[in-house]
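Chain and residue survey
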Amino acid sequence: MAKHHISTTINGEPVEFLCNTEQTMLDVLRDELHLTGTKEGCATGDCGACSITVDGRLVCSCLMLGVEAEGHAIQTIEGMADGDQLHPLQQKFLEYAALQCGICTPGFLVASRALLERNPNPTEEEARYWLAGNLCRCTGYDKIIRAVLDTAADMRGAS
Amino acid sequence: MAPDGTPDLKVVGTRPIRPDGVDKVTGRAQFGADFQLPGQLVGKVLRSPHAHARIRSIDTSKAEAIPGVKAVMTAADMPEITSEEAFVGEGPADFKDMSGNTMARDKALYDGHAVAAVAATSAAAADAALAAIEVDYEVLPHVIDVEDAMVEGAPVLHDDMFTSGVDPKPATPSNVAKRMVFELGDVDAAFEKADIVIERKYKTAPVHQGYIEPHACVAQYAADGQVQIYCSSQGQFMVRAYVAKLLGIDISEIRVTPLEIGGGFGGKTLVYLEPLAVVLSRKSGRPVKMAMTREEVFRGSGPTSGGTVWVKIGAKRDGTIVAGDAVLKFQAGAYAGSPVGPGCMTAFAVYDLQDVRITGYDVVTNRPKVAAYRAPGAPISNFGVESAVDELARELDMDPVELRLKNAAKKGTKAAYGPTFGDIGCVETLEAVKNHPNYNVPLGPNQGRGVAAGFWFNIGGESSATVNINEDGTAVVATGNPDIGGSRASMAMMAAEVLGIDVERVRPIVADTSSVGYCFLTGGSRVTFATGMAVVEASKSAVNELKARAAKTWDIPVDAVEWEDGRAVPAGSNAGDFEPLSLEDLAAKSGRTGGPIAATSSLNAQGAGPGFGTHLVDVEVDRETGHVKVLRYLATQDAGRAIHPSYVEGQIQGGAVQGIGWALNEEYIYDDKGRLENPGFLDYRIPVASDLPMIDTVVVEVPNPRHPYGARGVGEVPIVPPMAAMANAIQDAIGIRMTELPMSPPKVRKAVDEQAAAEE
Amino acid sequence: MARIVLTHSACRQYTGGTAELESDATSIRGLVRDLEARFPGLGRQVEESMAVAIDGVMHQDDLTAPIPEGAEVYLLPRIGGG
Ligand code: FES
Ligand code: FES
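Turning our eyes to something else, we now look at the packing of helix H2 (residues 28–38) of chain C against helix H3 (residues 42–49) of chain C. All names here are of chain C. The interhelical angle for the contact between H2 and H3, taken along N-to-C directions, is 145°, at an axis separation of 6 Å. Here H2 contributes Arg29, Val32, Leu35 and Glu36 to the contact with H3, which in turn contributes Leu42, Gly43, Arg44, Val46 and Glu47. Here the residues of the contact of H2 with H3 sort into four nonpolar, one polar and four charged.

Right, here's the structure in full:
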């Protein structure tokens, strides 16, 4: 069967790719576009390691088909830093040691950014529920939640 | 000097940003599944749908005929291995069993057991090939539960398994691989002296390590027999050794390049895919990439044992514990080798107890072969013992922390597993709990507080490190241990401490098996201790060389040179009056003073410091739903010396939360055919952020005299106490003793209903 | 002379149940040789799968460790970890 030709925007750049109907966006990112910062932990929508945003909306890329990217604006972890300038969340994750192995980190960062864009002043409980779809087996979440709340406070102070 | 006699430290104990941090927050770090080689094929595994079945035949011809399929393999493509013991991660492993576990030979022993594998040019072709392989199975009766497996007449997994450790040697095969007894003093006489005896049986469920990154690798077999493997694991040297052994290849032919590892917790101290990928690459002549799906991780890779723990403890009225007796039955999965040995030895290790007997059984069942999981074995026996000690405290009407303090092991105590303890921090962790505000927070209705203490030996072992001083005065530190939770940071810090330079000027790398000396795997909480020791030794050698170069420059004897804050200085006025030479100065001139400055150290570190921790948890139980909410959690632990305190806290928090999952939710659910019903994160529910409060930590520091900076391993202990602490808190909240894990809502609800019925 | 304590049935099976012995060995290697000579199989067992705690300090697999005069030596199964 012929592949689909898809035109989309990834991290602000126009991108075209070919994919099969059944190929997930996660597989397209990783296997076709070599954007391997987006991780696969389950491929069933249960772990959040594959988090991306589509037109600003947080989605599990393993639950989205590549063909659905047509005409939309995708953001992945690779687009989070501005050149060598880390996003405040990335910087705080480092300062708080909010990662151990780091496999969950791209997903948490993308999901946390989506949270702060919607709610610049989340309570701890709001942050915990927003991030409940992202699994981390290493940290027990403590330092992740602290990093997110502290980033929110800093960003509020800065704006 | 600090008051405790340890040297003042400039880098150790601070919290620099980890050297690999930026790679990991920007998505640049390459994990197991992120690597690829040009022309690589997709490898996939066919797994048994049966819990126990004889493999009569496997016909791969249809699969091989599918376009794009380049290789199909079965166990027939691997050398047959006779039994041979060798020490690996969690105890003596049998390479015959390991071979059988990577690919079933005559029998499939669990749902998910690999029976064949394929390599193809696309995932679709590989899937089609798997579907086209015809396996003729003769389905056999199976057994899942550990005690069911021990009864006479149970389906026997291995007809050559005769229980060892019993006299006389059994005449018929069974599922009990081994019986072992640990004994100190005279237990029966000691029970005579007890005023109070608590006796009860507890049960735990097997749980998976639950690393978020599934196993993955790329292997390339070249025509000259050279093998390259790129994979994430807890030890590139472990992968090299096992692949060599399982496939009969010389070690010198294999080079393993470690990729970043997305969690392991003991579960990646084995090989599953690597030998298969090498065989497929040999057969196809192309590189082969293999990655497990999450379902395969659950069905095909090792959880830790579940088991039953019968405990009997005796105490005097004043709370002195005088005797302990326990029987542990651990299921090992399909092949022998559960961590029942360490389960036995750790069972009573928190206590000063001279009369102890622990009997252990290692039992095979039709489940995936267990793999190590943080402090292997200890959490299971600890759940029983620390629950029983809580019952004892209630019986005595004593504060549970006071009871533990009264009986806690200290320096000079003969451990309940034998040897005399040196410097340990058991009492300190209990005191830290008592002094923490959480200990006195008032509790509401249906809320309860539980405490439990735990122990792990920690290990040392073989490690190597290389320190290269670069010509601009920076340094590269190479070691051979995958960085699973920030160890690059601690290696760089220890090197920077010795060299006397900024930690930012030290670049730590995790080298491949051909580029650094042998390192035993990352596990057992050994890296900071043992590999750290190698880094310190290598750095010291580099400093000695730097001093020698300064001595040459100044034309004075080398022992007239001292190293201070990263500079060579003359030792006192007698040595002469010279301007200090910085590491940078010396490095810049190294070519003209004798050549590059590099140092290595290879050692076998002994005397790892035992670790103790005490956990305190407050819960609220919803009597309607059986849901247990964690309100507050405190974990205290002796880290010896925290090299990077943030990562020490992180280890403790992560371990505690894994323990909470073990306590409340995690279990394998099998149908009546022995098929795993919950091989995914939706139904095998690990804790998520909204399940938890912050995890408070107190790190106490009782330095380990055997480490240059006093470090002890910290990664294992925190998973030991949580299950009992949670059960004890639930008891405190609703007056019900939960004896079986997980204490999931249906089970708690049922217990509440039974309590209500009993009260009527 | 060091006191050697066998807590584990895997060792006691070679000594007919005896849990305590004495040995003149001055290193773990010497102990392995001594035990093998006196209780065939036990030395091998120790060398291959036991850890040796000398005055409380665990030696997992180091044959060279010295055994001081009067030491208390425990033979224990080797420990791994996660
Ligand atoms: S990989 Fe998409 S949610 Fe787990
Ligand atoms: S840091 Fe390892 S899973 Fe989150």
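Let's shift gears to the interface of chain B and chain A. The partner chain A presents 44 residues to the 50 residues of chain B that form the contact. When the two sides are added together, the surface that chain B and chain A hide from each other amounts to roughly 3900 Å², 59% of it contributed by carbon and sulfur. If you sort the residues of chain B by the area they bury against chain A, B:Val25, B:Ile212 and B:Met694 come out on top, with a joint share of 19%. At the junction of chain B and chain A, the tally comes to four salt bridges. At the junction of chain B with chain A, the criterion picks out 21 residue pairs in polar contact (both at pLDDT 80 or more). Elements supplying a minimum of two residues to the side of chain B that touches chain A: helix H1 (21–26) and helix H17 (645–664) of chain B. A total of nine residues in the side of chain B that touches chain A trace back to one element, the largest contributor, which is H17(B). A class-by-class count of the residues in the side of chain B that touches chain A yields 25 nonpolar, 18 polar and seven charged.

The next subject is the sheet that holds strand S8 (residues 134–139) of chain B. Residues and elements named next belong to chain B. Read across the open sheet, the three strands follow the order S6-S2-S8; overall the sheet is antiparallel. Where the open sheet ends on each side, the last strands, each with one partner, are strand S6 (107–108) and S8. Pairing analysis gives six bridges linking strand S2 (residues 53–59) to S8, with the strands arranged antiparallel. The residue of S8 that forms the bridge with Ala53 is Val139.

Residue and element names in this part refer to chain A. The domains assigned to chain A are domain 1 (4–79) and domain 2 (88–158). Placing a centre on the C-alpha atoms of domain 1 and another on those of domain 2 gives a separation of 21 Å. Counting residues at the interface gives 16 residues for domain 1 and 14 residues for domain 2. With both sides pooled, the region where domain 1 packs onto domain 2 buries about 1100 Å², and carbon together with sulfur makes up 60% of that total. Connecting domain 1 to domain 2 are zero salt bridges. Scanning the region where domain 1 abuts domain 2 turns up four residue pairs in polar contact (both at pLDDT 80 or more). Only strand S3 (51–54) and strand S4 (57–60) provide two or more residues apiece to the side of domain 1 that touches domain 2. For the side of domain 1 that touches domain 2, the element with the most residues is S3, which contributes three residues. Each residue belonging to the side of domain 1 that touches domain 2 can be placed in one class, and the counts come to five nonpolar, eight polar and three charged.

Attention now moves to the confidence of the model for chain B. Residues and elements named next belong to chain B. For chain B, mean pLDDT is 95; residues scoring 70 or higher make up 98% of the total. The model gives residues 85–92 a pLDDT under 50, and that stretch makes 24 contacts with residues more than four places away or in other chains. At the level of chain-chain contacts, confidence expressed as ipTM amounts to 0.98, with global pTM at 0.96.

Structurally, the α-helix is built with 3.6 residues per turn, so residues lying three or four positions apart point the same way. For H2(C), the full list of buried residues reads C:Ile28, C:Gly30, C:Leu31, C:Val32 and C:Leu35. Looking at the packing, one finds that the buried side of H2(C) touches strand S1 (2–6), strand S2 (20–23), H3, strand S3 (50–54), strand S4 (57–59) and strand S5 (72–77) of chain C.

Glancing now at the domain arrangement of chain B. All names here are of chain B. For chain B, the domain assignment lists domain 1 (21–28 + 460–605) and domain 2 (418–454 + 610–759). Counting residues at the interface gives 16 residues for domain 1, matched by 14 residues for domain 2. Interface area for domain 1 against domain 2, summed over the two sides, is near 1100 Å², with a carbon-plus-sulfur share of 70%. Taken as a group, Met493, Ser525 and Phe529 account for 39% of the area that domain 1 buries against domain 2, more than any other trio of residues on that side. At the surface where domain 1 touches domain 2, the tally comes to zero salt bridges. Counting residues per element, the ones that place at least two in the side of domain 1 that touches domain 2 are helix H14 (487–499) and helix H15 (527–554). By residue number, the principal contributor to the side of domain 1 that touches domain 2 is H14, which donates six residues. Its residues assigned to classes, the side of domain 1 that touches domain 2 shows seven nonpolar, eight polar and one charged.

About the criteria used
Residues numbered from 1 in each chain as written. Chains lettered and ligands numbered in written order. Predicted model: local features only at pLDDT ≥ 70, side-chain atom pairs only at ≥ 80, totals over all residues. Heavy atoms only, no water. Axes fitted to C-alpha atoms, helices over the stretch in contact; angles between N-to-C directions. Helix = DSSP H or I, 4+ residues; strand = E, 2+ residues; numbered from the N terminus. Contact = heavy atoms within 4.5 Å. Nonpolar A, V, L, I, M, F, W, Y, C, P; charged D, E, K, R; others polar. Buried area = accessible area lost by both parts, 1.4 Å probe. Salt bridge = Lys/Arg side-chain N within 4 Å of Asp/Glu carboxyl O. Polar contact = N/O pair within 3.5 Å; in protein donor to acceptor, adjacent residues only side chain to side chain. Pairing = 2+ DSSP bridges. Domains from an automatic or database assignment. pLDDT = per-residue confidence, 0-100. Buried < 20%, exposed > 50% of the residue type's maximum accessible area, 1.4 Å probe, protein only.

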